[in-house]
Amino acid sequence: GVLAAVSVLFRGDGLVLVALIGLYLLKQGGWREFAIACALPILSFSLIAYTSFGSPLPTTLDAKRAMGESGFWRGYAYGGFRLAALYVIQSPLYVPLASVTGWGMWHLRWHVSAASGLVAAWASLVFIAYTLMGIPSAFNYYGVWIPPIAIALGLGTHLVARRFGPIAATVVFVIVC
């Protein structure tokens, strides 16, 4: 809970992760302890921040939205698709990796664990929220996609090994490296 609270204080979109963990714990039990462990650091910081700076939470989201409204930047969704295209242009080897990752994502759809589901939901909700709020394209804003892509690529590589043998999985591993 304390680490989740710190994620909110470092990045406002950490609130999405806190909400997803809270929903999961609502089903599993232990949500009260998690809520208290999250609330105390956030409320303490918010009180100090409000008296010092006039805002209870960091205003990084306001800065991102102002960048988007400036008109100098392209949108978040455009930037994400452009980034993927640039990787493929840089090396065509990303095409088979995208296929293996897609296979892993397709399999996750039917065999999702709670942890990988939370990671994928977090990245998806950030993508939707950033797009709707007009957040601009900036390379570091796509870091939230690294964990779900890594999970899907790992699962896809496992599926390649199961279907085509260990040599094919080794080829995927070499391409990744």
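Note: the structure precedes this text.
Residues numbered from 1 in each chain as written. Predicted model: local features only at pLDDT ≥ 70, side-chain atom pairs only at ≥ 80, totals over all residues. Heavy atoms only, no water.

1. Considerations on the nonpolar core
Counting 10 residues, the largest nonpolar core is built from Tyr76, Leu83, Ala123, Val126, Tyr130, Ile135, Ala138, Tyr141, Tyr142 and Val144. Mapped onto this core, the elements with two or more residues apiece are helix H5 (76-90) and helix H7 (114-133). (Core = buried A, V, L, I, M, F, W, Y, C linked by side-chain atoms within 4.5 Å. Buried < 20%, exposed > 50% of the residue type's maximum accessible area, 1.4 Å probe, protein only. Helix = DSSP H or I, 4+ residues; strand = E, 2+ residues; numbered from the N terminus.)

2. As for the packing of helix H6 (residues 94-110) against helix H8 (residues 146-164)
The interhelical angle for the contact between H6 and H8, taken along N-to-C directions, is 95 degrees, at an axis separation of 7 Å. If you check the angle between H6 and H8, you find them roughly perpendicular. Contacts between H6 and H8 pair Leu97, Val100, Thr101, Trp103, Gly104, Met105, His107 and Leu108 from the former with Ile149, Ile151, Ala152, Leu153, Leu155, Gly156, Thr157, Leu159, Val160, Arg162, Arg163 and Phe164 from the latter. Looking at the contact of H6 with H8 residue by residue, the class counts come to 13 nonpolar, 5 polar and 2 charged. (Axes fitted to C-alpha atoms, helices over the stretch in contact; angles between N-to-C directions. Parallel < 35°, antiparallel > 145°, perpendicular 65-115°, else oblique. Contact = heavy atoms within 4.5 Å. Nonpolar A, V, L, I, M, F, W, Y, C, P; charged D, E, K, R; others polar.)

3. Digging into the environment of Phe139
In this fold, Phe139 is placed in the loop between H7 and H8. For the pair Phe139 and Ala35, spaced 104 residues apart in the sequence, the C-alpha separation amounts to 32 Å. Sequence-distant contacts of Phe139, defined by excluding residues within four places in its chain, comprise Leu83 and Tyr87.

4. So, the side chain of Ser137
If you trace the backbone, Ser137 turns up in the loop between H7 and H8. One polar contact links Ser137 to Tyr142, side chain to side chain, over a distance of 3.4 Å. Aside from chain neighbours lying at most four places away, what touches Ser137 is Trp73, Arg74, Gly75, Tyr76, Gly79 and Tyr142. (Polar contact = N/O pair within 3.5 Å; in protein donor to acceptor, adjacent residues only side chain to side chain.)

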